[in-house]
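Summary of structural features
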Amino acid sequence: NQQPFSGDLTVKEAYLETAIPLLDHASVGYNLEFNGAIRYADYSSSGGVTTWKVGLNYSPIQDIRFRGTISRDIRAANINELYSGQNQVINTLNDPRSNAPAPAYFVLQLTGGNPNLDPEKADTKAVGVVISPRFIPGLDLSIDYYNIKIDNAITSVPSQTIVNNCFVQNISQFCSLIAVDSTTNLISSVQATIVNAQTIKTSGIDFEMSYRRPIGSGTLGTRLLVNYVNDLSLTASGVSTDYVGDLATDYSGQPRWKANFDLTWRDGPLKLGAYVRYIGGGKYRSYYVDDVDLPADENHVSGQTYVDLSASYRVTDWLEIYGKVDNLFDRDPPI
């Protein structure tokens, strides 16, 4: 019984950013710079929150730059998460209380938005190095390590999990979502709307290489992006689950390796491009679900590479002809 919804959100912000040079062509380094930022945002839905960032860039010589950043980041709930209409669902729930009138019975469950959501808050740390060798003009290399932890992640918790967390795990924040009929002692309803209930952690390494150089009358350009995920875990109701290489788990699963490579050549109005995407392998799922998952001996998904080609030609300022072939070698995705 989906209902229409409407809502509004007002935010007032004030911010300050700065970049302060500390060294410039000094004997102890080519350049050293401090950068920082602070922002205060007042949301009509959840009140005020302060975010900030501090970072350093240091170049011992002109060709190499080391960089590091620490920041507090937030994401406020959007209109849909705050104000989407509630849906009524009636399903059977197990009642784990020792004095429950019955082990299982039908319970009214409400899903949808929650106007009391707080912003998600993340602590982010990143450190890396950028290399731009002068003896190879047009070449840029970078490698960065990142570590991110999100608290109060906005999510929806299944009704049965809410009941178990309250009556079995004794987590008080979930008990407020349950209504019990004082006469019958039956659970009359469960508020399974969107809540702040998860912690998400991830860390990994990003590598990037780009190179441009003139060839004849045209220009050749390349760009390689590689991401290695070292850790990706989600903690809900006190239970942590690792999702690295767990490819079938809703939106959370990630392969350990991913890469994109672009190769372009431009000569006046003509542009040619080749694009290679690599998606690493992993497990279909780290836990088994009856009638859904593959047998245990087939619980592996191999990595896959896809190649795309493109070409374009600008005839005039107002007319361009282009074409593209996606998945040139017709590679089928794994099951």
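Residues numbered from 1 in each chain as written. Predicted model: local features only at pLDDT ≥ 70, side-chain atom pairs only at ≥ 80, totals over all residues. Heavy atoms only, no water.

**Here's the deal with the environment of Gln 62**
Under the convention used in this document: The numbering of helices and of strands both runs from the N terminus, where a helix is a DSSP run of H or I of at least 4 residues and a strand a run of E of at least 2. Contacts are residue-level and defined by heavy atoms, with any inter-residue pair within 4.5 Å sufficient. Pairing of N or O atoms within 3.5 Å defines a polar contact, subject to two protein rules: one partner must be a possible hydrogen donor and the other a possible acceptor, and residues neighboring in sequence count only if both atoms are side-chain atoms.
Along the chain, Gln 62 turns up in the loop between β3 (47-61) and β4 (64-75). When sequence neighbours within four positions are dropped, the list of residues in contact with Gln 62 reads Tyr 30 and Arg 134. In this structure the side chain of Gln 62 is engaged in a polar contact, spanning 3.3 Å, whose partner is the side chain of Arg 134.

**Remarks on the environment of Glu 17**
Put simply, the test is: Using a 1.4 Å probe on the protein chains alone, a residue whose accessible area is under 20% of its type maximum counts as buried, one over 50% counts as exposed, and one in between counts as partly exposed.
Position of Glu 17 relative to the elements: it lies in strand β1 (residues 11-26). The exposed category is assigned to Glu 17, whose relative accessible area is 55%. Considering only alpha carbons, one finds Glu 17 and Ser 44, 27 residues apart in sequence, at a separation of 24 Å.

**Regarding the environment of Arg 97**
In this fold, Arg 97 is placed in the loop between β5 (87-94) and β6 (104-111). Classification of Arg 97 as buried rests on a relative accessible area of 14%. Spatially, the C-alpha atoms of Arg 97 and Glu 120 are 33 Å apart, while their sequence positions differ by 23 residues. When neighbours within four sequence positions are excluded, Arg 97 is seen to be in contact with Tyr 105, Phe 167, Val 180, Asn 185, Leu 186 and Ile 187.

**A look at helix α2 (residues 159-167)**
For clarity, the threshold we go by: Directions drawn from the helix axis to the C-beta atoms are what define this arc.
Restricting attention to buried positions, one finds in α2 the residues Ser 159, Ile 162, Val 163, Asn 165 and Cys 166. Viewed along the axis of α2, the buried residues span an arc of 165 degrees, placing them on a single side of the element. On its buried side, α2 packs onto β5, β6, α3 (172-175), β9 (178-180) and β10 (187-191).

**Quick word on the nonpolar core**
Under the convention used in this document: Each nonpolar core is a collection of buried residues, namely Ala, Val, Leu, Ile, Met, Phe, Trp, Tyr and Cys, held together in the definition by side-chain atoms within 4.5 Å.
With 15 residues, the main nonpolar core has Ile 162, Phe 174, Ile 187 and Val 190 as its most contacted residues. Breaking this core down by element, the ones donating at least two residues are β6, α2, β10 and β11 (194-215). If one sorts the elements of this core by residue count, α2 sits on top with three residues. Once you skip the residues sitting within four places of it in the chain, Ile 162 turns out to touch Val 157, Phe 174, Leu 177, Ile 178, Val 190, Gln 191 and Ala 192. Counting six residues, the second-largest nonpolar core is a separate cluster that includes Tyr 146, Leu 232, Leu 234 and Tyr 243.

**Thoughts on the packing of aromatic side chains**
Definition in use: Whether two aromatic rings pair depends on their centres lying within 6.5 Å, for rings of Phe, Tyr and Trp, where Trp uses its six-membered ring; planes under 30 degrees apart make the pair stacked, over 60 edge-to-face, and the rest tilted. As a reminder, the over-ring test applies to NZ of lysine and CZ of arginine, requiring each to be within 6 Å of the ring centre and within 35 degrees of the ring normal.
What the rule picks out here adds up to one aromatic pair. Directly above the aromatic system of Phe 167 lies the positively charged group of Arg 97, at a separation of 5.2 Å from the ring centroid.

**Some thoughts on the sheet that holds β5**
For clarity, the cut-off: Two strands pair if DSSP finds at least two bridges between them. Every angle, taken between N-to-C directions, lies between 0 and 180 degrees, and every axis is a line fitted to C-alpha atoms, over only the stretch in contact when it is a helix.
The mixed open sheet is built from four strands, whose spatial order is β5-β6-β10-β9. At either end of the open sheet lies a strand with only one pairing partner, and these are β5 and β9. With direction set aside, neighbouring strand axes in the sheet form an average angle of 25 degrees. Across the sheet, α2 lies against β5, β6, β9 and β10, angled at about 110 degrees from β10, the strand it touches most.

**Description of the state of the cysteines**
What counts, and what does not: Criterion for a disulfide: a pair of cysteine sulfur atoms at a distance within 2.5 Å.
Within this structure, the stated rule accounts for one disulfide. For Cys 166, the disulfide goes to Cys 175, at an S-S distance of 2.1 Å. As the torsion about the S-S bond is roughly 105 degrees, the Cys 166-Cys 175 disulfide counts as right-handed. On the accessibility criterion, Cys 175 (30% relative accessible area) is partly exposed.

**Regarding the pairing of β4**
Across eight bridges, β3 lies against β4 in antiparallel orientation. Along β4, the bridge assignment pairs Asn 57 with Arg 67. Turn length for the β3-β4 hairpin, with the two strands adjacent in sequence and antiparallel, is two residues. As paired strands, β4 and strand β7 (residues 120-131) are joined by twelve bridges and run antiparallel to one another. The residue of β7 that forms the bridge with Gly 68 is Val 127.

**A word on the pattern of salt bridges**
When charged atoms on two side chains of opposite charge get close, those side chains can pair. Formally: A carboxyl oxygen of Asp or Glu within 4 Å of a side-chain nitrogen of Lys or Arg is what we treat as a salt bridge.
Under the counting rule described, the total for this entry stands at eleven salt bridges. Of the charged contacts in the structure, one is a salt bridge between Glu 13 and Arg 39, with a shortest N-O distance of 3.5 Å. Placement of Glu 13 in strand β1 and of Arg 39 in strand β2 (residues 29-43) is noted, with a sequence separation of 26 residues between them. Judged by its relative accessible area of 28%, Arg 39 is partly exposed. Residues Asp 63 and Arg 134 are paired through a salt bridge, measuring 2.8 Å at the closest nitrogen-oxygen approach. Of this pair, Asp 63 sits in the loop between β3 and β4 while Arg 134 sits in the loop between β7 and β8 (139-156); the two residues are 71 residues apart in sequence, bridging distant segments of the chain. Asp 63 gets classed as buried once you look at its relative accessible area, which sits at 10%. One network of salt bridges, in which partners are shared, links Arg 75, Glu 81 and Glu 120.

Geometric descriptors of this kind do not, in isolation, establish any biological role.
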